[in-house]
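# Remarks on the overall topology
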Amino acid sequence: MPPDQRTLDHLSLSRDEYARIVGLLDREPNEVELGMFGALWSEHCGYKNSRPLLKTFPTAGAGVLTKAGEENAGVVDIGGGLGVAFKIESHNHPSAIEPYEGAATGVGGIVRDIFAMGARPVAILDSLRFGPPQPDAQTSPEAAARNRHLFHGVVAGIGGYGNCLGIPTVGGEVSFSPSYSGNPLVNAMCVGVARIDRLAKARADGPGNLLMLVGADTGRDGIHGATFASVELDETSEERRPAVQVGNPFLEKLLMEACLELTEEHGGWIVGLQDLGAAGLTSASVECAAKAGTGIVIDVAKVPRRESGMTPYEVMLSESQERMLVIVKPEHEADVRALFEHWELHCATVGVVTDDGLVRIRDGAAEVARVPAKLLTDAPAYVREGEQPPWLAELQAFDFTTLPDLRSDASPRNGAQPGSHLQPPTSSLGPAPHPSDVLIHLLASPEIASKRIVWRQYDHQVGTNTVVGPGGDAAVLRIKGTAKAIAISTDGNAAYTYLDPYAGGAIAVAEAARNVACTGARTLAMTNCLNFGNPEKPEVYWQLKEAIRGMADAARALDVPVISGNVSLYNETNGEAIWPTPVVGVVGLLDDAARAVPSRFTAPGALVFAAGAEPGPRDLAGSEYVRVACGEVIGRPRIDLDTAARLQRFLLAAAGDGLLLSAHDVSVGGLAVTLAECCLDGVGLAGGPALPAGRLDAALFGETQSRAIVSCDAMGAARLRELASEHGLPLDLLGTAGGSSLRFGPLDLAIDELRDAYEQGLPRAFEGVDVIA
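Numbering of residues begins from 1 in every chain and follows the order in which that chain's sequence is written. Confidence filtering applies because this is a predicted model: local features only for residues at pLDDT of at least 70, side-chain atom pairs given and counted only at 80 or more, and all residues used for totals across whole chains, interfaces and linings. Heavy atoms from the whole structure form the basis of all side-chain values; hydrogens and water molecules are not counted.

### Digging into the overall build of the protein chain
Along the backbone of the protein chain there are 26 helices and 27 strands. By the compact-globule yardstick of 28 Å for 773 residues, the protein chain fits well, its C-alpha radius of gyration being 26 Å. Oriented by its inertia axes, the alpha-carbon framework of the protein chain measures out at about 85 × 55 × 40 Å. Partitioning the contacts of the protein chain with sequence separation of at least 6, the portion at a separation of at least 24 is 84%. Secondary structure counts use DSSP, requiring at least four H or I residues in a row for a helix and at least two E residues in a row for a strand, with both numbered from the N terminus. Radius of gyration here is computed from C-alpha atoms only, and the compact-globule reference equals 2.2 Å multiplied by the residue count raised to the power 0.38. Whether two residues are in contact is decided by their heavy atoms: any pair within 4.5 Å suffices.

### Notes on empty space enclosed by the protein
Within this scheme a cavity is a closed region of a 1 Å grid, computed over the protein atoms alone, that accommodates a 1.4 Å probe without allowing it to escape, whereas a pocket is open but has protein on both sides within 12 Å along at least five of seven lines; lining residues each have an atom within 4 Å of a point. Grid points are joined across faces, edges and corners, and a volume is the space filled by probe spheres set on the points. Going through the model one piece at a time under the given rule, you end up with five cavities of 30 Å³ or more. Volume-wise, the largest cavity comes out at about 130 Å³. As for the largest cavity, its lining consists of 17 residues, and the residues nearest its centre are Ser175, Glu447, Asn493, Ala495 and Arg627. Under the scheme applied here, ten amino acids are nonpolar (Ala, Val, Leu, Ile, Met, Phe, Trp, Tyr, Cys and Pro), four are charged (Asp, Glu, Lys and Arg), and all others, including Gly, are polar. Across the lining of the largest cavity, the residue classes break down as six nonpolar, six polar and five charged.

### Examining the sheet that holds strand β26 (residues 741-744)
Taken in spatial order, the seven strands make up an open sheet running β22-β24-β21-β25-β23-β26-β27, and their pairing is mixed. Edge positions in the sheet fall to β22 (662-665) and β27 (747-750), since each has one partner strand and no second. Ignoring which end each strand starts from, the neighbouring axes of this sheet average 25° apart. DSSP-based pairing: two strands are paired if at least 2 bridges between them are found. Strand direction decides the pairing type here: β26 and β27, joined by four bridges, are antiparallel. Looking across to β27, one finds that Arg743 is bridged to Asp748. Axis angles are defined between N-to-C directions and span 0 to 180 degrees, where every axis is a line fitted to C-alpha atoms and, for a helix, only to the segment in contact. Against the sheet, helix α16 (residues 435-444) touches β26 and β27, its axis set at about 50° to β27.

### Quick word on the sheet that holds strand β7 (residues 270-275)
The strand order across the open sheet formed by seven strands is β7-β9-β6-β10-β8-β11-β12, and the pairing between neighbours is mixed. Two strands in the sheet have a free side with no partner beyond their single neighbour: β7 and β12 (366-372). With direction set aside, neighbouring strand axes in the sheet form an average angle of 20°. Bridge count for strand β8 (residues 295-299) against strand β10 (residues 346-354) is four bridges, and the pairing is antiparallel. Bridge pairing in β10 links Val297 to Val352.

### Here we look at the packing of aromatic side chains
Any Phe, Tyr or Trp ring, taking Trp's six-membered ring, that has another such ring centre within 6.5 Å forms a pair; planes under 30 degrees apart are called stacked, those over 60 apart edge-to-face, and the others tilted. A full pass over the atoms with the stated rule returns 10 aromatic pairs. Pairing Trp391 with Tyr498 gives two aromatic rings, centres 5.2 Å apart and planes at 25°, and the pair type is stacked. With a gap of 107 residues between them, Trp391 in the loop between α14 (373-377) and α15 (392-396) and Tyr498 in helix α18 (residues 494-499) connect regions that are remote in the sequence. Each member of the aromatic cluster is reached from another via a ring pair, and the members are Phe130, Phe151, Phe176 and Phe766.

### Thoughts on helix α25 (residues 717-726)
Helical geometry: 3.6 residues make up each α-helical turn, so side chains three or four residues apart lie on a common side. Relative accessible area decides the class of each residue, using a 1.4 Å probe on protein chains only: under 20% of the type maximum gives buried, over 50% gives exposed, and in between gives partly exposed. Restricting attention to buried positions, one finds in α25 the residues Ala717, Leu720, Leu723 and Ala724. Along the long axis of α25, the arc covered by the buried residues comes to 120°, so they all point the same way. For α25, exposure combined with an orientation more than 90 degrees from the buried face picks out Ser725 and Glu726. Buried residues along α25 sit in contact with β21 (607-612), α22 (641-656), β24 (707-712) and β25 (731-737). Phi turns positive, to about 65°, at Gly728, one or two residues after α25. Think of the arc as the fan of directions from the helix axis to the C-beta atoms.

### Here's the deal with the side chain of Asn187
Within the secondary structure, Asn187 is located in strand β5 (residues 185-195). Excluding its chain neighbours within four sequence positions, the residues that come into contact with Asn187 are Ile88, Glu89, Ser90, Asn92, Leu125, Asp126, Ser127, Cys529, Asn531 and Val583.

### Some thoughts on the environment of Pro535
In this fold, Pro535 is placed in the loop between β16 (522-531) and α20 (538-558). Once you skip the residues sitting within four places of it in the chain, Pro535 turns out to touch Asn49, Arg384, Val540, Tyr541, Leu569 and Tyr570.

### Remarks on unusual backbone geometry
Within the chain, Asp26 stands out as a residue other than glycine whose phi angle is a positive 60°. With respect to the helices and strands, the residue Asp26 is situated in the loop between α2 (15-25) and α3 (31-40). For Asp26, a relative accessible area of 72% corresponds to the exposed category. Even without a glycine there, the phi angle at Tyr570 is positive, about 60°. Note that Tyr570 resides in the loop between β17 (562-568) and β18 (572-573). According to the relative accessible area criterion, Tyr570 is buried, its value standing at 7%.

### What to know about the state of the cysteines
When two cysteine sulfur atoms are found within 2.5 Å, that pair is recorded as a disulfide. Summed over the entire model, instances satisfying the criterion amount to zero disulfides. No disulfide involves Cys529; its sulfur sits 14 Å from the nearest other cysteine sulfur, which is in Cys45. The structure places no disulfide on Cys679, whose sulfur is separated from the nearest cysteine sulfur, that of Cys678, by 6.7 Å. On the basis of relative accessibility, which here comes to 0%, the residue Cys679 falls in the buried class.

### Considerations on helix α7 (residues 99-115)
One less than the number of residues in a helix, times 1.5 Å, gives the span that helix is expected to have. Here α7 is 17 residues long and its end C-alpha atoms lie 25 Å apart, about the 24 Å a rise of 1.5 Å per residue gives. For α7, the buried fraction is high: 16 of the 17 residues fall into the buried class.

### Observations regarding the pairing of β16
Most of β16 is tucked away, with nine of its 10 residues classed as buried. Both β16 and strand β20 (residues 581-590) contribute to a ladder of nine bridges, which runs antiparallel. Residue pairing in the sheet places Arg522 in a bridge with Leu589 of β20. Looking at chain direction, β16 and β17 are connected through six bridges and run parallel. Note on β17: the bridge partner recorded for Thr527 is Ser564.

### So, the packing of α16 against helix α23 (residues 670-678)
With their axes 10 Å apart at the nearest point, α16 and α23 run at an angle of 70° to one another. Taken together, the axis directions place α16 and α23 in an arrangement best described as roughly perpendicular. As for how α16 packs across α23, the hand of that crossing is right-handed. Within the contact between the two elements, α16 uses Leu439, Leu442 and Leu443 and α23 uses Ala672, Val673 and Ala676. Looking at the contact of α16 with α23 residue by residue, the class counts come to six nonpolar, no polar and no charged. Orientation is classified from the angle alone, with under 35 degrees giving roughly parallel, over 145 giving roughly antiparallel, 65 to 115 giving roughly perpendicular, and any other angle giving oblique. Left-handed describes a crossing in which the near helix is turned anticlockwise from the far one by less than a right angle; the clockwise case is right-handed.

### Topic: the pattern of salt bridges
Side-chain pairs of opposite charge can arise where the charged atoms are in close proximity. Salt bridge criterion: a side-chain nitrogen from Lys or Arg within 4 Å of a carboxyl oxygen from Asp or Glu. Enumeration over the complete set of coordinates arrives at 37 salt bridges. For the salt bridge of Glu173 with Arg129, the shortest nitrogen-to-oxygen distance reads 3.3 Å. Of the two residues, Glu173 is situated in strand β4 (residues 169-176) and Arg129 in strand β3 (residues 120-130); the sequence distance between them amounts to 44 residues. The closest approach of N and O atoms between Glu333 and Arg337, which form a salt bridge, is 3.1 Å. On the criterion of helical spacing, the pair formed by Glu333 and Arg337 is a turn pair, its members being four residues apart in helix α13 (residues 333-342). Judged by relative accessible area, Glu333 falls into the partly exposed class, the value being 23%.

### Here's the deal with the nonpolar core
Counting 59 residues, the largest nonpolar core has Val111, Leu128, Phe151 and Phe340 as its most contacted members. Grouped together as the second largest cluster of nonpolar side chains are 58 residues, Leu406, Leu443, Ala610 and Ala672 included. In this description, a nonpolar core means a group of buried Ala, Val, Leu, Ile, Met, Phe, Trp, Tyr and Cys residues linked to one another through side-chain atoms lying within 4.5 Å.

### Re the side chain of Ser177
When you line up the elements, Ser177 lands in the loop between β4 and β5. By relative accessible area, which is 1% here, Ser177 ends up buried. The residues touching Ser177, leaving out its near neighbours within four places in the chain, are Phe130, Gly131, Pro132, Trp579 and Arg627.

So this is what it looks like as structure tokens:
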């Protein structure tokens, strides 16, 4: 009998997809088979709506050792026989229901993806997005309270799991917007280092080889986790709490060390290694077989369990954490078992590789499922018609000249009482405040303020490899045993993508690459996590398609191939989609860790320059300044990818010549915020020439893309100008580093005041206390 609609909805299958399954099998699927199809054909596993679009990404490049989508993570060669493996993934829906476990198991899952490659994890980064922590025009007190609950739970979950593993959490980002109030985003990236000749593959090659399940016993937690991630959130989502996995980081630590000993010292004993993540044993075993063109037989009766009475359906779809599938040569079964038992880990032989291409699931003597592996992994692909939202044209056409410009002759604070600068700094009805007022306000805003209250909960020094930790443009970690280091950055700006998905996608790639380049590192490759709403809605599909098009163009222009990634769709609550949010992680290589360029001023007397694109009124589009000034996100962001590429090459050349004493990219908050951040280590700026003609707000707070603030000593200034000219870039002198204040144009603020606003903004927002000037 065909299943009812409720069952299909629970499995994230449409009626047409069920009919397709019946046609492929030439019969009705049984319960276990239908559950396996539902999991592997879900958006989370099968990429039904995104797979055709993802094919437009450039995936090949110098040093790329893996094919995107075919392994647990991408790997790029860094020389000396070493490779860097990395990937980013989402755990959004679980974190919305149970923030601590959702975030914790998101970290655990991405870490397993890395050591499943035979790479030792060396760094974790997290890209997090929440609703506002305090009530506002779009956020009720109840919603703000829930946002704070989610924030604290997610941050604690990441720290609670990652710290126990001995892997430093070295970077990431935290952003706030009302669009995430019902659906926070938790994207976790992990980076590992491996010997290239000892990399492991996620394949079940060789009929007769054994399938061994190692790690935690299997329970009922996480069942339907993959399908839960492929539907919208609504008032019934709380019923899905059992789909949220429960993590044990101490067990994962043992599992990681055991798997790394296996791949590093005894790789000849096995032919494949795969973690059990989404869809559990179903995904791990079936995908390994499909990649190798083989079949498998699994006896669920041999799977160790921590709960009694579990059915074959539950065993195959459980997403219990800290489990790995090892494809073992039969002559080494006892060796592999002894290795895992040495680490006090359970190990059971549950199946065998066959040559018939069939997935056969048994429960003792009874066969409970029989399906060709290729049918399970060949999810339907949908190419849909997208439509630009009808409201977008009006937002993009906003005329910034209708906003009152800032006044350089206004009195700082305008005589206001402490805390009054928390109000919108300008409106069409009143005079504009002094730019110093605006800068302090922006530095204290949750979007820009220091995220120290987040990363101080993470161990970012464990492993003693961290050269540059949280708070800089990019994290830098040394590669032990070499002089080299890797630079890593994650970036995404949903406001830009909301206003122009193509530009927003391109900017996400360019900013992540620019952040890496600011450290002096040569970009190697990128990973991405695409967080969007329901792709079955034409407006959302258009956003997804355009963002991917922008990202692909930027990846080609900047020579940053896409080697791994993840798609998280259906991020909606009661029909309301999040802002389209592509998040990009870029990894770069420094030949000498000691030459990493800091982001803040360190040398009094150094000359400070702005390199790259010149500002203009359009750079106010999507800016934090205008979001505060107008109470909404408006305008049309822009980026010139040719300028972005030239700036990246300039930064690399200048760092290579040893000219740069600091480099910091211009991004959220514009030039003024960037300069303030450069001063926070105690070295100020004495401004030189006047600001360029034109709008003061655009010059100071426009978020001009493809621009960076660099400093060098006087002896190197001539060569720096030559390099800028060779790369066709403007290089504008802004002043000289030094002193205890930021003095630039109309800005004149003590570093202590800047630091107080920047460091205390977020704690005060969560405490509900006004930022006091």
